[in-house]
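# An overview of the molecular structure
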Amino acid sequence: MKEVIIYTDGACSGNPGPGGWGALLIHGGNTSEIMEGAFETTNNRMELTAAIEALNVLKQPCRVDLHTDSTYVKDGMTKWIENWKNNGWRTAAKKPVKNADLWLALDEAVKRHELTWHWVKGHNGDEGNERADKLANMGMNNYKVL
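Residues numbered from 1 in each chain as written. Predicted model: local features only at pLDDT ≥ 70, side-chain atom pairs only at ≥ 80, totals over all residues. Heavy atoms only, no water.

## Side note on the sheet that holds strand β5 (residues 114-119)
- Strand order across the open sheet formed by five strands is β3-β2-β1-β4-β5, with mixed pairing between neighbours. Sheet topology places β3 (30-41) and β5 at the edges, where each strand pairs with a single neighbour. Between one strand axis and the next, the sheet turns by 20 degrees as a mean value, whatever way the strands run.
- Across six bridges, strand β4 (residues 62-68) lies against β5 in parallel orientation. Bridge pairing in β5 places D65 opposite T116.
- Packed onto the sheet, helix α2 (residues 71-86) meets β4 and β5 and runs at close to 140 degrees relative to β5. (Pairing = 2+ DSSP bridges. Helix = DSSP H or I, 4+ residues; strand = E, 2+ residues; numbered from the N terminus. Axes fitted to C-alpha atoms, helices over the stretch in contact; angles between N-to-C directions. Contact = heavy atoms within 4.5 Å.)

Structure follows, in structure tokens:
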């Protein structure tokens, strides 16, 4: 099984506002970069979208080390999602889970891979995270209204 390292990040100018997501994928000595954005979104939606798109671009099942600076994404996938599913996509407070459409998509994207989640402190000099942040901001640029 191929091993891939992924760094993801999301960005938003205003929250909500125009946003972008980016991902750096590393396999062996090769790197790939993907990015995109949206006109009206939130930072959390962009963080989730970055992880979804990065996993979905993989053409076959892989062993993935996914690095994110979003505790929302990491904790959602490693601590909260099973309870949300068991509670009909409601939180412990019985409220609808925010961004449930993206959580469902991420849950589906994860299924075919062996995933290890890593949290990395953002804007702290981690080379992969810094590149993902730049990609997210570049992805957002086409969606900013002058």
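## Describing the nonpolar core
- Residues I6, L55, L58, V64, W103, L106 and W117 are the most contacted members of the largest nonpolar core, which totals 27 residues.
- Among the secondary structure elements, those contributing two or more residues to this core are β1 (2-12), β2 (17-27), α1 (43-56), β4, α2, α3 (100-110) and β5.
- Non-local contacts of V64, meaning those with residues more than four positions away in its chain, are made with V4, I6, L55, L58, H113, E114, L115 and T116. (Core = buried A, V, L, I, M, F, W, Y, C linked by side-chain atoms within 4.5 Å. Buried < 20%, exposed > 50% of the residue type's maximum accessible area, 1.4 Å probe, protein only.)

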